[in-house]
Amino acid sequence: MKRDKSWTWRRVAPSSLNLNGIKAAIVGGTGGIGRAFSRFMASRGATVVVVGQTFRDSKVPGIEFIKADLSLMREAKRVGEALPAETLDIVIFTTGVFAAPKRQETAEGIEQDMAVSYLSRLVILREIAPRLGKDRPEAKMKSRVFIMGFPGSGQAGTLDDLNAEKYYGAMRVHMNTVAGNEMLVLDAAKRYLNATFFGLNPGLIKTDIRNNFLGQDTLKSRFTEWMIGLLTPSAETYAERLTPLLVSPDLDAHSGAMFDRKGFAILPSPKLMDRSYVNAFIAASEALVSRVNVRLSS
Ligand SMILES: NC(=O)c1ccc[n+]([C@@H]2O[C@H](COP(=O)([O-])OP(=O)(O)OC[C@H]3O[C@@H](n4cnc5c(N)ncnc54)[C@H](OP(=O)(O)O)[C@@H]3O)[C@@H](O)[C@H]2O)c1
């Protein structure tokens, strides 16, 4: 991962943030890093709608819930239609799983990790992006979309086998989601000029994301997460550190930028600077979604 030293944003203390009036949606805001963001943003006055399977914050003022199984593209489409994009200031995508050791397929026939961690985001984004921020007459900044993944890490994906039908490897599949999410940012920044789009790379953080890969509550999983917890910041610390970035006025001119775990701007993965490759990857992703009869908005 390489730092982009050509620009920087002015940092402010998270404790000084006033998010009164900010409306946010966090897709994947029911657990892990997304949940840490939703709780911190709500504590600073934002109104947050979280999308996920299990709501854990019904007692927290300022957080609402949309229930959905985002392994299904038709559910993603429904969520995209239900989200009040016109009034949203900030959208964060943190939905994710990690590919299992053996290939898992959704009821719609899509590999599970690709469906949850990447394609559901593509479907939701296509629904909401054209409407984002259209109904915020007083707004000082364009609506912003933050897509979490592992951008800048050099992954380009396996363009000719996005559904892992020719060959399955958990890491290979997960890297397709990593590459896809980085390309979503780069593509959306060019495609939709009414909003701005950014990638977030949180580094390693102790959460439940690796359960599917390592096995829930196995010794291997407990040891791995314990080590990660020992060596890296918690989801709460990361979310607190990054929230000032989400509302910084300095981001407006930098749609398409990516940020590392400390919020420093980083460069995109080299292969993804090739626009024709990004176009081909996005087209193959759209083709995979259309196989399950879900029509994408433009
Ligand atoms: N943690 C890390 O070390 C790490 C490292 C690099 C990148 N990331 C990225 O950070 C993002 C967040 O990861 P995390 O570590 O916070 O993961 P996490 O703790 O497992 O949280 C994942 C979120 O996705 C939701 N989700 C999972 N399956 C779903 C489904 N079928 N339908 C609807 N929602 C579903 C979960 O909701 P429910 O609990 O309600 O099901 C939860 O809100 C991901 O994009 C991940 O790739 C994480």
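As a reminder, the structure under discussion sits directly above these lines.
Here we summarise the structure given alongside this text. Just so we're clear, the structure is a prediction, and the values are computed from it rather than from any experiment.

Notes on the sheet that holds strand 8 (residues 265–266)
At step 1: Read from one edge to the other, the open sheet built from eight strands follows the order 3-2-1-4-5-6-7-8, with strand pairing classed as mixed. Of all the strands in the sheet, the pair left with one neighbour each is strand 3 (63–67) and strand 8.
At step 2: Sitting on the sheet, helix 3 (residues 112–128) touches strand 1 (23–27), strand 4 (90–93), strand 5 (143–148) and strand 6 (195–200), and the angle it makes with strand 4 is about 165°.
At step 3: Packing of helix 7 (residues 235–246) onto the sheet brings it into contact with strand 4, strand 5, strand 6 and strand 7 (258–259), and relative to strand 5 it is tilted by some 145°.

Some points on the packing of aromatic side chains
At step 1: Taken as a whole and assessed by the stated rule, the structure comprises nine aromatic pairs.
At step 2: Plain terms: the ring middles of Phe37 and Tyr238 are 5.8 Å apart, the flat faces sit at 80° to each other, and that makes the pair edge-to-face. Here Phe37 is found in helix 1 (residues 32–43), whereas its partner Tyr238 is found in helix 7, with 201 residues between them in sequence. Across the pair, exposure class does not vary: Phe37 and Tyr238 are buried alike.
At step 3: Both rings, one in Phe146 and one in Phe198, keep their centres 5.2 Å apart while their planes meet at 25°; by these two values the pair is stacked. Taken together, the residues Phe146 in strand 5 and Phe198 in strand 6 connect sequence positions 52 residues apart. Summarising the burial analysis for this pair, Phe146 and Phe198 share the class buried.
At step 4: The structure contains a cluster of three or more aromatic residues connected by ring pairs, namely Trp7, Phe146, Phe198 and Phe259.
At step 5: Just above the ring of Phe264 sits the side chain of Arg3; from NZ or CZ to the centre is 3.9 Å.

Focus: the site of the ligand
At step 1: By nearness alone, 30 residues border the ligand, and Thr30, Ile33, Gln53, Leu70 and Thr207 come closest of all.
At step 2: One nitrogen or oxygen atom from the main chain of Ile205 is found 2.8 Å from an oxygen atom belonging to the ligand.
At step 3: Contributing elements (two or more residues each) for the shell around the ligand: helix 1 and helix 3.
At step 4: For the shell around the ligand, the residue count by class is 11 nonpolar, 14 polar and five charged.

As for the pattern of salt bridges
At step 1: On inspection of all chains with the given rule, the structure shows 18 salt bridges.
At step 2: The salt bridge partner of Asp161 is Arg172, with a shortest N-O separation of 3.1 Å. Highlighted residues: Asp161 in the loop between strand 5 and helix 4 (170–191) and Arg172 in helix 4, separated in sequence by 11 residues.
At step 3: Judged by its relative accessible area of 5%, Asp161 falls in the buried class.
At step 4: Glu286 is the salt-bridge partner of Arg191, the closest N and O atoms lying 4.0 Å from each other. Highlighted residues: Arg191 in helix 4 and Glu286 in helix 8 (residues 275–290), separated in sequence by 95 residues.
At step 5: Relative accessible area serves as the criterion here: at 23%, Glu286 is assigned to the partly exposed category.
At step 6: Three or more residues are tied together by salt bridges with common partners; here these are Arg126, Asp187, Arg191, Arg275 and Glu286.

Cut-off values and rules
- Residues numbered from 1 in each chain as written.
- Predicted model: local features only at pLDDT ≥ 70, side-chain atom pairs only at ≥ 80, totals over all residues.
- Heavy atoms only, no water.
- Pairing = 2+ DSSP bridges.
- Helix = DSSP H or I, 4+ residues; strand = E, 2+ residues; numbered from the N terminus.
- Contact = heavy atoms within 4.5 Å.
- Axes fitted to C-alpha atoms, helices over the stretch in contact; angles between N-to-C directions.
- Phe/Tyr/Trp six-rings, centres within 6.5 Å; stacked < 30°, edge-to-face > 60°.
- Buried < 20%, exposed > 50% of the residue type's maximum accessible area, 1.4 Å probe, protein only.
- Lys NZ or Arg CZ within 6 Å of the ring centre and 35° of its normal.
- Near = heavy atom within 4 Å.
- Polar contact = N/O pair within 3.5 Å; in protein donor to acceptor, adjacent residues only side chain to side chain.
- Nonpolar A, V, L, I, M, F, W, Y, C, P; charged D, E, K, R; others polar.
- Salt bridge = Lys/Arg side-chain N within 4 Å of Asp/Glu carboxyl O.

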